[in-house]
Amino acid sequence: MPESLTLERKQQEGLYHNLEERLNKTFPELCGVMFLYCPGPPQLESLVSEFLRQETGSDIEVLKDASTSTLAVLLPGSTLNQAHYQALLLKRHLEETVPEADPRITLTVFPGQVDPTPGVLKQMAESARLGPSSDIHIFTKEEAASEPGRILIVDNDDTIREFLTIRLNMQGYETLEALDGTSALELIEKWEPDLVLTELNLYGIDGLPFINQIQKLPVENTPKIVVLTEQRVERTISQCFQHGVDDYITKPFSPVELDARIHRCFQ
Amino acid sequence: MLVYGTVAIYYVMFVNILYFAIMGLSYRSIGTIAKRAKYSSYQTLSGSELVPSVSLLVPAYNEELTIIENVYCLMTLNYPTYEVIVINDGSSDDTLSVLIKEFKLEKMHNPEIRGTIETQNVRGIYHNPDYPHLFIIDKENGGKADSLNAGINFSHYPLISSIDADSLLEKDALIRMARMYMENPEETVAIGGDVRIANGCLIENGAVKRVSLPRKIWPMFQSIEYLKAFLGGRIGWSRMNGLIIVSGAFGLFRKDYVIAVGGYRGGYPGEDMNIIIKLHRYMLSHKIPYKVAFCPEAVCWTQAPDTYKIISNQRMRWGRGNLKNMIENRGMFLNPKYKIMGLITIPYNVLFETLNPYFRITGLLALAGYTLLDMTHWRILLTFMLLNFLSGYLLSVGAVILEEIAFRRYKKLSDLWKMLLFSALKFVGYHQLGVLWRVQGHIQYLRKNNSWGTMTRQSWKEESETASTA
């Protein structure tokens, strides 16, 4: 079951949800957040926390994302300048004490330019780990805007679902799959995707009733709907647009065109 | 007396030869059927503008348990343009209100009813723009034929399809039929679908998820019976254009010709056979080339009665309807004007379906009498009965093989053995009961007992719950 697989993967990302909660509840006033990626030293966690405690004299917290071995450091009360200064000290310290170390740091403060959503936090961690330069990186609003979209793929055909999942994942979208109309409606409510890419012929519920149901779901932002279907009857196409579908693509489809149309929906 | 015995023996021999000939025709068609079922690109067809639109007519009388599931099933078919028209035939239960509640329907103002076939008073038509292809007609009770006529009057499209409210269509069933229709749209006037027994299958979301044989014996016998009748019989009959019935559970018709023959005949069961005979009659007497086809790859799953009372009721009703149809159309009997229909199908039905019980009973009595009077040896009697059984068994096995060649819906090996076993068991008891029910039906006809009889339904959920726990 591809759905449950993706859901499991999401649970590993619990760290970022946890961080979000701490930032919002425990440190609502001001808190610097620094993500550090530095492969090599085994005791990196204690090394970092000891050094920073000495330097700042305040209560800092270090958390670890086990799957990528990226550290998240919370600096309560730090302004952006202070956090940057600490990062510079930390970087020099690591370079001096650990041979051949190449620490990569991304940092920002909350509340600041961006809100501490799990997506943003994860993106920060990734920019620390995968960023091109070894300079300390300050995370800004412009970057957060490119947060990956969530797409729910609904189709009864295994091949189509697999193809779309791989392709959309490569473009950086987060995806989930549903086989039929009924489970798709449940997933939309639970997962709140930004876009639903759906066939019209589905088991359970399909066609226009399905589209109407999506729009009536009690979710904060009704997802955009892109129909990708065998159905080529003009009347159905125009009815779909009347019922608020964002785009309509017929099978067989051009993947490049599909990319372009989906990309436009996210602008 | 001896002459009668000889006649009875020849009768049995002849009927068996005829059965084998029909099955032979089925075998000649099965290769083509298997290939087209496998390789036709139904996916592409199911979205094409060129496929003709269909109105599905679903007569419902006291169907509150199954109707919602069925409507959901019918609304998710793989088909470009179609509408679902449920006709509530003055149900005494909550059929109408459960539909209104589930689909939030509202009564239409000034619905446009274009057809002119006489029906019982239509009380109202219900619709919800959120489900643009669903309509409910609420009318006063008038029987199944009357409901279908009311549906025809309201329907918007040139093809109509009658579907029983206790049946589930496979997602591709309708497009498969339409593909067959599109091969010869000028001449095809009616197409029948393959009806199978859903008891024992796992049903989810209004679709059959896992196919397996029924666990109760009544539905099990009927499974074999249906397989034999549809695959062994109807494929062969349709090959020579002599099909006398398109099952009421699932059939596709040209609306213009159904209207031309005056719609369905009310007031008596057997309306599904009646409409086909009327179509044959109309086309032949107007000398229009035509075809009544059978589409075995279009599958409809139906709930079979699972108690003695209900199945006997159903079979008596069939016997009654059959007798009525034969008497009504006696003018076609051996009438060369009606070609295959008049020369083969109708005589076959009269001699080997309607009168079958009497030949069997008297033949058996005669043979038993001979043995008692020592006019023949008991061994001959035994040999005769054994031969009779073997040919019957061979026909059932033949149908199972047809199924295995073309469709393979039953995936488990144990199911295959079970089918072979019950094909044999059928001749001990069930077969004889069938003869009895038919005679009882005829008695009902003579007594002018014209009720539909009870037909209780089980909700699909219960069905599949028992299936999943098995």
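It should be emphasised that the depicted structure is a prediction, and the values quoted were computed from it without experimental measurement. (Residues numbered from 1 in each chain as written. Chains lettered and ligands numbered in written order. Predicted model: local features only at pLDDT ≥ 70, side-chain atom pairs only at ≥ 80, totals over all residues. Heavy atoms only, no water.)

1. Some words on the UniProt feature "domain: Response regulatory" (unreviewed entry) in chain A
Using the residue numbers shown here, the UniProt feature "domain: Response regulatory" (unreviewed entry) corresponds to residues 150–266 of chain A. Each end of residues 150–266 of chain A is marked by a C-alpha atom, and these two atoms are 10 Å apart; helix forms 46% of the span and strand 21%. (UniProt positions renumbered as here; feature names shortened; annotations may be inferred. Helix = DSSP H or I, 4+ residues; strand = E, 2+ residues; numbered from the N terminus.)

2. Quick notes on helix H5 (residues 118–130) of chain A
Here H5(A) spans 18 Å end to end across 13 residues, near enough to the 18 Å set by a 1.5 Å rise per residue. Turning to H5(A), its buried residues are Pro118(A), Val120(A), Leu121(A), Gln123(A), Met124(A), Ala125(A) and Ala128(A). (Expected span 1.5 Å × (residues − 1). Buried < 20%, exposed > 50% of the residue type's maximum accessible area, 1.4 Å probe, protein only.)

3. So, the domain arrangement of chain A
When cut into domains, chain A gives domain 1 (2–145) and domain 2 (150–265). Each of domain 1 of chain A and domain 2 of chain A has a C-alpha centre, and the two are 36 Å apart. (Domains from an automatic or database assignment.)

4. Quick word on helix H13 (residues 378–406) of chain B
Look at H13(B): 42 Å from first C-alpha to last across 29 residues, which is about the 42 Å you get at 1.5 Å a residue. Phi turns positive one or two residues past the end of H13(B), at Arg408(B), with a value near 50°.

5. Notes on the UniProt feature "transmembrane region" (unreviewed entry) in chain B
Here, the residues flagged by UniProt with the feature "transmembrane region" (unreviewed entry) are residues 6–27, 340–359 and 379–402 of chain B. What you have in residues 379–402 of chain B is 100% helix and 0% strand, and the ends, taken at the C-alpha atoms, are 34 Å apart.

6. Quick word on the packing of aromatic side chains
Two numbers describe a pair of aromatic rings. These are the distance of the centres and the angle of the planes. Residues and elements named next belong to chain B. Within the structure shown, the criterion is met by 26 aromatic pairs over all chains. Ring geometry for Phe253 versus Tyr264: centroids 6.2 Å apart, planes at 80°, classification edge-to-face. Here Phe253 is found in strand E11 (residues 250–254), whereas its partner Tyr264 is found in the loop between helix H8 (255–260) and helix H9 (271–285), with 11 residues between them in sequence. Across this residue pair, the class does not change: Phe253 and Tyr264 are buried. One aromatic cluster is present, built from ring pairs that chain together Tyr11, Phe14, Tyr19, Trp237, Tyr348, Phe352 and Phe359. (Phe/Tyr/Trp six-rings, centres within 6.5 Å; stacked < 30°, edge-to-face > 60°.)

7. Observations regarding the pairing of strand E5 (residues 134–139) of chain B
Residues and elements named next belong to chain B. E5 sits mainly inside the fold: 6 of its 6 residues count as buried. Along E5, one buried face is formed by Leu134, Ile136 and Asp138 and the opposite face, lined by Phe135, Ile137 and Lys139, is buried too. Pairing of strand E2 (residues 82–89) with E5, which is carried by 6 bridges, proceeds in the parallel orientation. Residue pairing across strands places Ile85 opposite Phe135, the latter belonging to E5. Judged from the 5 bridges that link them, strand E4 (residues 122–127) and E5 form a sheet pairing that is antiparallel. (Pairing = 2+ DSSP bridges.)

8. Some points on unusual backbone geometry
Residue Lys251(A) is joined to Pro252(A) through a cis peptide bond whose omega torsion reads -5°. Here Pro252(A) shows up in the loop between strand E10 (247–250) and helix H11 (255–265). If you check the backbone angles, Lys339(B) has positive phi at about 45° while not being a glycine. Tracing the backbone shows Lys339(B) in helix H11 (residues 339–354).

9. Brief notes about the packing of helix H7 (residues 217–239) of chain B against helix H10 (residues 308–328) of chain B
Residues and elements named next belong to chain B. One way to put it is that H7 packs onto H10 with a least axis distance of 10 Å and a crossing angle of 30°. Across the interface between the two elements, Trp218, Gln222, Glu225 and Tyr226 of H7 pack against Tyr308, Ile311, Gln314, Arg315 and Trp318 of H10. For the contact of H7 with H10, the per-class residue count stands at 5 nonpolar, 2 polar and 2 charged. (Axes fitted to C-alpha atoms, helices over the stretch in contact; angles between N-to-C directions. Contact = heavy atoms within 4.5 Å. Nonpolar A, V, L, I, M, F, W, Y, C, P; charged D, E, K, R; others polar.)

10. A short note on the interface of chain B and chain A
Between chain B and chain A, the residue contacts involve 21 residues of the former and 20 residues of the latter. Buried surface at the junction of chain B and chain A, both sides included, amounts to about 1,800 Å², of which 44% is carbon and sulfur. Taken together, chain B and chain A are joined by 1 salt bridge. Residue Lys216(A) pairs with Asp130(B) through a salt bridge whose shortest N-O separation is 2.5 Å. On inspection of chain B and its partner chain A, the count reaches 8 residue pairs in polar contact (both at pLDDT 80 or more). For the side of chain B that touches chain A, the secondary structure elements donating two or more residues are helix H2 (42–45) and helix H3 (67–75) of chain B. For the side of chain B that touches chain A, the class distribution of residues is 8 nonpolar, 10 polar and 3 charged. (Buried area = accessible area lost by both parts, 1.4 Å probe. Salt bridge = Lys/Arg side-chain N within 4 Å of Asp/Glu carboxyl O. Polar contact = N/O pair within 3.5 Å; in protein donor to acceptor, adjacent residues only side chain to side chain.)

11. Quick look at the environment of Ser91(B)
All names here are of chain B. Considering the arrangement of structural elements, one finds Ser91 in the loop between E2 and helix H4 (95–103). A residue is classified by how much of its surface remains accessible, and Ser91, at 14% relative accessible area, is buried. Apart from the residues lying within four places of it in its own chain, the contact partners of Ser91 are Ala60, Tyr61 and Asn62. From its side chain, Ser91 meets the backbone nitrogen of Asn62 in a polar contact 2.9 Å long.

12. A short note on the environment of Val211(B)
Take Val211(B): it is sitting in the loop between strand E10 (207–210) and H7. With residues up to four places along the chain from it excluded, the contact list for Val211(B) reads Cys201(B), Trp301(B), Arg409(B), Tyr410(B) and Asp415(B).

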